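# What the coordinates show
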Amino acid sequence: MSRQADVGANRIRVQVLGTPTILGVPDGQHIRPQAMEFLVYLIVRGGSAYQHDILGDLLPEPTHRLATQRLHTYTYNLRQTFRTISGDNTYLRLRRHHYTLDTDAFDVDLWTMRDAITAAQHATSTAALRRAVAAYRGPLAANTAYLWLARHQQAVSREFLTAAINLAEALAHRPAEANAVLDIAAHHHPDDEILAAAAATICDRLG
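Everything numeric in this text was worked out from a predicted model, so none of it was measured.

Quick notes on the rules
Residues numbered from 1 in each chain as written. Predicted model: local features only at pLDDT ≥ 70, side-chain atom pairs only at ≥ 80, totals over all residues. Heavy atoms only, no water. Helix = DSSP H or I, 4+ residues; strand = E, 2+ residues; numbered from the N terminus. Buried < 20%, exposed > 50% of the residue type's maximum accessible area, 1.4 Å probe, protein only. Areas by Shrake-Rupley, 256 points an atom, 1.4 Å probe, with all protein chains shown as cover. Lys, Arg positive; Asp, Glu negative; His and termini not counted. Charge placed at Lys NZ, Arg CZ, Asp CG, Glu CD. Pairing = 2+ DSSP bridges. Axes fitted to C-alpha atoms, helices over the stretch in contact; angles between N-to-C directions. Parallel < 35°, antiparallel > 145°, perpendicular 65-115°, else oblique. Contact = heavy atoms within 4.5 Å. Nonpolar A, V, L, I, M, F, W, Y, C, P; charged D, E, K, R; others polar. Salt bridge = Lys/Arg side-chain N within 4 Å of Asp/Glu carboxyl O.

Moving on, we get to the overall build of the chain. Across its full length, the chain holds 9 helices and 6 strands. Structurally, the chain occupies a C-alpha span of about 60 × 45 × 35 Å along its principal axes. Looking at the 207 residues of the chain, the share that counts as buried comes to 42%. Only carbon and sulfur atoms are counted for the fraction: they give 50% of the accessible area of the chain, which is about 11200 Å². The centroid of the 20 positive side-chain charges in the chain is displaced by 9 Å from the centroid of its 20 negative side-chain charges.

Structure representation (structure tokens):
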């Protein structure tokens, strides 16, 4: 079996929409909270980041030497976790101060949502928008209070809400389905004014 096929059969499933979680971690394997934050950070950035950016965002207070040591500890913890799940040690690489996830080896809900949104821009059916809305389980890294998170969380929430509104508009000829989509969006973001205004407009159109 080729390495690509082997990795595909052992993809690491990660949820970052809602509470961050690595699925399939066996009992007894401890994931450091800071290692989980590091993984979420890489995922949000598309799977890679340079060390100086990581240290500036995640470890701004310790000295450079201490921050680097801590980052190596988090990297080791993630690699041990990935190896425990799949037996492979190549999911997270470091080369010339550049940390990179093997994106083909991961199944990440945020990436699924964003891929579906991109696909929807070139599709004539609602299937891609449905996938995008279905992938969303809640705000990015909910209940974590990562110091670097706010702008990324806002951007991801807006991407989801736009997809939900577009889907509801596309389903205007199916009022029950359109309302169900709006209900899902409102459940995750009950105080969003743009969603409320869009929902009111769609509901008026539905009669």
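Back to the text.
The alternating pattern of strand β5 (residues 98-101) places Tyr 99 and Leu 101 on a buried face, while none of His 98 and Thr 100, on the opposite face, is buried. Taken together, the 3 bridges between strand β3 (residues 48-50) and β5 define a ladder with antiparallel strand orientation. Residue pairing for β5: Ala 49 is matched across the bridge by Tyr 99. By the bridge criterion, 4 bridges tie strand β4 (residues 92-95) to β5 in an arrangement that is antiparallel. Residue pairing for β5: Arg 95 is matched across the bridge by His 98.

Here we take up the packing of helix α2 (residues 33-44) against helix α4 (residues 64-86). For the pair α2 and α4, interaxial distance at closest approach is 9 Å and the crossing angle is 85°. With respect to each other, α2 and α4 are oriented roughly perpendicular. Across from Gln 34, Ala 35, Phe 38 and Leu 39 in α2, the residues of α4 making contact are Leu 71, Tyr 74, Thr 75, Asn 77, Leu 78 and Phe 82. Residue composition of the contact of α2 with α4, grouped by class: 7 nonpolar, 3 polar and no charged.

Mapped onto the fold, Glu 37 is located in helix α2. No salt bridge is formed by the buried Glu 37. Its closest oppositely charged neighbour is Arg 70, at 10 Å. Among residues more than four places away in sequence, those in contact with Glu 37 are Leu 58, Tyr 146 and Trp 148.

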